[in-house]
Amino acid sequence: MCNFKKVLAMVLAVVMMLSVAVVAFAGEDDDDKFVYSPTKGDTTTYNTKGEFGVYTETHKNGDTIAFNSDDKYSQWHPAVTDVAAKKAGAIINIAGMVTGYGNDYDKPIKETVKQFVGYDSQGKPQYVEYETTVGYEQKLRISEIEKIGSGDYGIGANDEGQNVTGLNVKSKAPKVTVSSRALADSRIANVVVDADNVLIEKNATKGTKAKTIAFAFPQMTKSKQLVVKKGAFNGAKKVRIVVSSKMTSKELKKLKKRLKKQLGAAAYKKVKIVRG
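Rules used throughout
Residues numbered from 1 in each chain as written. Predicted model: local features only at pLDDT ≥ 70, side-chain atom pairs only at ≥ 80, totals over all residues. Heavy atoms only, no water. Helix = DSSP H or I, 4+ residues; strand = E, 2+ residues; numbered from the N terminus. Buried < 20%, exposed > 50% of the residue type's maximum accessible area, 1.4 Å probe, protein only. Contact = heavy atoms within 4.5 Å. Areas by Shrake-Rupley, 256 points an atom, 1.4 Å probe, with all protein chains shown as cover. Core = buried A, V, L, I, M, F, W, Y, C linked by side-chain atoms within 4.5 Å. Pairing = 2+ DSSP bridges. Phe/Tyr/Trp six-rings, centres within 6.5 Å; stacked < 30°, edge-to-face > 60°.

**Here's the deal with the overall build of the protein**
Stage number 1. From N to C terminus, the protein includes two helices and 22 strands.
Stage number 2. By residue count, 45% of the 276 residues in the protein fall in the buried class.
Stage number 3. When contacts within the protein are restricted to residue pairs at least 6 apart in sequence, those whose partners lie at least 24 apart make up 67%.
Stage number 4. On the protein, roughly 14,500 Å² of surface is accessible, and the fraction owed to carbon and sulfur atoms is 49%.

**Looking at the nonpolar core**
Stage number 1. In terms of nonpolar packing, the biggest core is built from 45 residues, with Ile-200, Phe-217, Leu-226, Phe-233 and Ile-241 touching the most fellow members.
Stage number 2. Counting residues per element, this core draws most heavily on helix H1 (residues 249-263), which supplies four residues.
Stage number 3. Those residues in contact with Phe-233, other than ones at most four positions away along the chain, are Ile-200, Thr-205, Phe-215, Val-228, Val-239, Ile-241, Leu-263, Lys-270 and Val-271.

**A few points about the sheet that holds strand S7 (residues 79-80)**
Stage number 1. Spatial ordering of the open sheet is given by S7-S14-S16-S18-S20, a layout of five strands whose pairing is parallel. Two strands bound the open sheet, and with one partner strand each, they are S7 and strand S20 (226-228).

**Comments concerning the packing of aromatic side chains**
Stage number 1. A full pass over the atoms with the stated rule returns four aromatic pairs.
Stage number 2. Considering the side-chain rings of Phe-116 and Tyr-119, the 5.1 Å spacing of their centres and the 70° angle between planes classify their relative orientation as edge-to-face.
Stage number 3. Under the relative-accessibility criterion, Phe-116 is labelled partly exposed at 40%.
Stage number 4. Summarising the aromatic geometry, the rings of Phe-215 and Phe-217 are spaced 6.3 Å apart at their centres and angled 10° between planes, so their arrangement reads as stacked. Across the pair, Phe-217 and Phe-215 agree in class, each one buried.
Stage number 5. Ring pairs connect the aromatic residues Phe-116, Tyr-119 and Tyr-127, which therefore count as one cluster.

**As for the environment of Glu-129**
Stage number 1. As for its position among the elements, Glu-129 is in strand S12 (residues 125-138).
Stage number 2. Exposure remark for Glu-129: the relative accessible area of 55% places this residue in the exposed category.
Stage number 3. Between the C-alpha atom of Glu-129 and that of Thr-112, which follows or precedes it by 17 residues, the distance is 6.6 Å.
Stage number 4. Excluding residues that lie within four positions of it along the chain, Glu-129 makes contacts with Thr-112, Val-113 and Lys-114.

Spelled out as structure tokens, the structure:
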């Protein structure tokens, strides 16, 4: 009888559906330019390494990007925090995060083994084959992204994150919050939030190293889908907001009026709102 060692195999149960949404180019006069996700058309491989929430994203061109989805206190709320990239101009694509493990016995791992049962009349050894469980596949619990940044420090604020210039977030959460200081100490100038509703907190762009910040909201067809707190764009010289091309002129006018009221007339002067 063979001795069976229990094997706990963790399989990444995520196929992240990436939004290859267009990010508005954060230039001053080039309204017709756009920045796409790097290596458009490439397949992207996601993996977990080490502790919870640490992912790597690998493209065919050899560029590897890593990001950490918990905050500095190791809280596993869906917050995008630290990012890293080898090459300049990298754009991070995120559509979910690990928040823990599922059942230890989600799916058994089967293996066919042979067991010796004796010899035949010719003296040859005889075996019987049977299937046995040698371990279990442990699925991961995946949560939707609900928050960008931790509220204390910025995405890409670490040394390795200085090559990151764009962030694409796809989420089915009821609301995605761009937290205070989300872009502090980073060069991220293009942010796509593909979600139903977005809240941008006060000082979201404070401390940014980018002169102009562009936010794109592909699903935004109603003005009420975006809430911007007063002082949200402190630290940025110019802000460009791109909503869905399906937003009507009436809704666009309502959005501009709401944002002017929320930000204040003076702060609103540096904001440009257009349809994608």
